[in-house]
Amino acid sequence: MSTELFPITQSNVDSFININTPIWAKTPTEESTTNNKKYIYLNFSMVRMQISWIVPKLIFAKGIQEKTGYEIIVMVWKSDEKLRKFLESFDVKILELDTLIHKDKSSLLKTSLSALKLYITGGRGTSLRNTKYKDYPVGMYLYEDIIRTSNLSTIHNCWNKIVFRKYIHIMWTLRSLNKYIKKYPAHIGLFDDLAYHEAMFIQLFAQHKAKTVAISNWAYENIQFEDNNSIKRRMPLLNEELQHRIKNVDDSIISEVDAYLEERFKGNNGRSIDRVAFANKKVLSREELISKFNIDKNKKNIVIMAHTFTDAIFNYGNYYFRDYYDWLDKTLGIAENIKGVNWILKPHPTREAYNESEDSIEDMFQRHFNNIIKNNSNNLYFLPDEISSESIKNIADAIITIGGNAGGEYACFGIPSVIVGKPWYAGFGFTFQPKTYDEYVDTLSKISIIQHLSDEQTKLAKKVFYLKNVNTSYDKYAFRDETAELFNKPYRTMVNEIANSYFKSDEKTSDYNDKMLVTLTEYEKNHDLRDSEYYKTGFSME
């Protein structure tokens, strides 16, 4: 993660502030500007301080402000001088969360007592996942945040100083923020992600009857909740959308999907950070894979597609494993006793970008491999990172994943998948979806009889893939005007350039921020940002 709060050159910030400050000073409103009984909160505690991530959100919030007359409060963990002055040029208030909590000792005491109670009454990772704040289940997001921001790959139990410290910090912040919102009532909360501690903040704002919206540089959406007050994640929501739209897709798109997949496996399309799965990697044929790894050619090959252990572990909804690590560990444990197939483990190609350091996948593999050898078997294999994921379509008879994109991609080649979450391609009839752990074990025990997908199932998989990856017109709203392109074009270029080092590269982020801010400064000399879709959409929301 970035070690700088706002990686950018001071002189460029100063030039921008000189242009930007007069634009937003005393924003005109339809209602009286003294009507400040409610506030618009804009959360930057989860956002890397990149110009394309933060400025569109600020413009969007200013549009809401013009319509309502409410003040804007921007939430950050900490703020250096450059960031503070940059934000203030938009005429907003800044709430530094770490400063807030350290003034609230009573919330620290309550949080410490709740942590102690958790540990005394069990303190396992599953107990942490069941944590509630008032009537809202915050535990899944708390668990995600601890995993994402530490060197832990899983949480076996809470008797760990990393878990203890992070639990205290996040829950302390939640309690303190609750008090702050009571004093400065929230009219609307603008967020970026639906996971980690940001999801806990979203639930808090919902408790206060504030409208909650997810806003990025390319789209926005009203945040939805389940009956139990958990947040509906994007993958299950996307799945619902695709289930609705699939009836409008005919066979004419098949050739387009085939062409797209051909380019995808060359690393030429799809998300930039995912392209490392294919670009500049070795593509091996079935025969080459069998020869290189001494695979038994008389058995079916079942490829286990690992997830990154630390990245948004509940993206596919809740499931009957503790987390990604627990799922893989138990799956390999089940595989130890099933000798009738070859088990091939493929690590996620972007895992190095996600703090996957302790409890590595190599250590896990070796532990289970040793157990298999003790049982006089040798049917577990490891595909190293230099092997392209394209090779999998040449050898796999089935794949296993919680809900990774692979399940939808390889189905386009007739390869079935076993999934336990709810990804975008679930429920269309070309996946196996055991509903319980016992069903999962039973499915894997019989996987040697699994069959290639039928032509109709493969065709359907391509239609679903088309809606998700090729024709994305299902977006409820996307910002596509000149201002949006101003931010998104250089942003795409930056991500393409740094790909797998994306989350580690302060230097690249600084270079990008400087170029982007110079461009934005010049743009503002001749353009009114109130004419942008960001601003107009914010204005029209209320």
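Here the structure is a predicted model, which is why all the values come from computation and not from measurement.

About the criteria used
Residues numbered from 1 in each chain as written. Predicted model: local features only at pLDDT ≥ 70, side-chain atom pairs only at ≥ 80, totals over all residues. Heavy atoms only, no water. Helix = DSSP H or I, 4+ residues; strand = E, 2+ residues; numbered from the N terminus. Rg over C-alpha atoms; globule rule 2.2 N^0.38 Å. Buried < 20%, exposed > 50% of the residue type's maximum accessible area, 1.4 Å probe, protein only. Contact = heavy atoms within 4.5 Å. Areas by Shrake-Rupley, 256 points an atom, 1.4 Å probe, with all protein chains shown as cover. Arc of directions from axis to C-beta. Pairing = 2+ DSSP bridges. Axes fitted to C-alpha atoms, helices over the stretch in contact; angles between N-to-C directions. Parallel < 35°, antiparallel > 145°, perpendicular 65-115°, else oblique. Left-handed = near helix turned anticlockwise from the far one by under 90°. Polar contact = N/O pair within 3.5 Å; in protein donor to acceptor, adjacent residues only side chain to side chain. Phe/Tyr/Trp six-rings, centres within 6.5 Å; stacked < 30°, edge-to-face > 60°. Lys NZ or Arg CZ within 6 Å of the ring centre and 35° of its normal. Core = buried A, V, L, I, M, F, W, Y, C linked by side-chain atoms within 4.5 Å.

The helix and strand tally for the chain stands at 21 helices and 14 strands. Against the 2.2 N^0.38 benchmark of 24 Å for 542 residues, the chain shows a C-alpha radius of gyration of 25 Å, consistent with a compact globule. Viewed in the frame of its principal axes, the chain has a C-alpha envelope of about 75 × 60 × 40 Å. Expressed as a percentage of its 542 residues, the buried residues of the chain come to 58%. For the chain, the proportion of contacts with a sequence separation of at least 24, taken over those separated by at least 6, is 75%. Surface exposure of the chain reaches about 22800 Å², of which carbon and sulfur atoms provide 48%.

To continue, consider helix 11 (residues 254-264). Among the residues of helix 11, I254, V257, Y260, L261 and R264 are the ones counted as buried. Summarising the axial view, the buried residues of helix 11 lie within an arc of 120°, below the 170-degree limit, and thus occupy one face.

On to the sheet that holds strand 12 (residues 398-400). Within the open sheet, the 6 strands sit side by side as 11-10-9-12-13-14. Their pairing is parallel. Each of the sheet's edge strands pairs with one partner strand only, and the pair in question is strand 11 (380-382) and strand 14 (431-432). Where strand 9 (residues 300-305) meets strand 12, 3 bridges bridge the pair, whose relative direction is parallel. Along strand 12, the bridge assignment pairs I302 with A398. The sheet strands contacting helix 14 (residues 361-374) are strand 10 (341-346) and strand 11, and the helix crosses strand 11 at an angle near 155°.

Before going further, it helps to spend a moment on the sheet that holds strand 3 (residues 93-96). Sheet architecture is open: 6 strands sit in the order 3-2-1-6-7-8, paired in mixed fashion. Both outer strands of the open sheet, strand 3 and strand 8 (220-222), are each paired with one neighbouring strand and no more. Across the sheet, the axes of successive neighbouring strands diverge by a mean angle of 25°, strand direction being ignored. Taken strand by strand, helix 9 (residues 196-207) contacts strand 1 (39-43), strand 2 (71-76), strand 6 (186-191) and strand 7 (211-215), and its axis lies near 160° from that of strand 6.

With that out of the way, let us pick up the packing of helix 10 (residues 234-245) against helix 18 (residues 455-470). At their nearest, the axes of helix 10 and helix 18 sit 10 Å apart, and the two run at 125° to each other. By the angle between their directions, the pair helix 10 and helix 18 is classed as oblique. The two elements helix 10 and helix 18 cross, and the hand of that crossing is right-handed. On the side of helix 10, the interface is formed by L238, L242 and R245, while helix 18 contributes V464, L467 and K468.

Another aspect to go through is the environment of G123. Following the sequence through the fold, G123 ends up in the loop between helix 5 (105-120) and helix 6 (125-129). On the basis of relative accessible area, G123 is assigned to the buried category, the value being 0%. Ignoring sequence-local partners within four residues, the contact set of G123 consists of L118, N157, C158 and W159.

By the criterion of burial, strand 10 is predominantly enclosed, with 6 of the 6 residues buried. In strand 10, alternate side chains face the same way, and those of V341, W343 and L345 on one face and N342, I344 and K346 on the other are all buried. With 6 bridges connecting them, strand 9 and strand 10 associate as parallel partners. Bridge pairing links M305 to K346 in strand 10. Pairing between strand 10 and strand 11: 3 bridges, direction parallel.

We now examine the environment of Y136. Locating Y136 in the fold gives a position in strand 5 (residues 136-137). Residues Y136 and Y512, 376 residues apart in the sequence, show an inter-C-alpha distance of 39 Å.

This part takes up the side chain of T431. Its location among the elements puts T431 in strand 14. In terms of polar contacts, T431 uses its side chain to reach the side chain of Q433, at 2.7 Å. Among all residues touching T431, those that are not within four sequence positions of it are S417, I419, Y425 and A426.

Our next topic: the side chain of S388. Secondary-structure assignment places S388 in the loop between strand 11 and helix 15 (392-395). Residue S388 is classed as buried on the basis of its relative accessible area of 0%. Within polar-contact distance, the side chain of S388 engages the backbone nitrogen of E390 at 3.0 Å.

So, about the packing of aromatic side chains. Under the counting rule described, the total for this entry stands at 33 aromatic pairs. Seen in terms of ring centroids, Y180 and Y184 are 4.7 Å apart; in terms of plane orientation they differ by 40°. Their pairing is tilted. Residue class for Y180 comes out buried when judged on its relative accessible area of 17%. In textbook terms, an aromatic cluster arises when at least three aromatic residues are bridged by ring pairs, as seen for F6, F16, W24, F86, F90 and Y535. If you follow K292 out to its NZ or CZ, it ends over the ring of F293, 5.8 Å from the centre.

On to the nonpolar core. Membership of the largest hydrophobic core comes to 128 residues, with the highest contact counts inside it found for L128, L328, W343, I400 and I447. In terms of residue count, helix 8 (residues 161-183) provides more of this core than any other element does, 11 residues in total. Other than its neighbours up to four places away in sequence, I447 contacts I302, V341, W343, A398, I400 and V418. In this structure, L42, V92, I215 and F487 belong to the second largest nonpolar core, which totals 48 residues.

Let us look at unusual backbone geometry. One non-glycine residue, Y196, lies in positive phi territory at about 60°. Here Y196 is to be found in helix 9. Taking the relative accessible area as the measure of exposure, Y196 reaches 6% and is therefore buried. Phi at N294 takes a positive value of approximately 55°, unusual for a residue other than glycine. Along the chain, N294 falls in the loop between helix 12 (286-293) and strand 9. Residue classification places N294 among the exposed residues on the basis of a relative accessible area of 62%.

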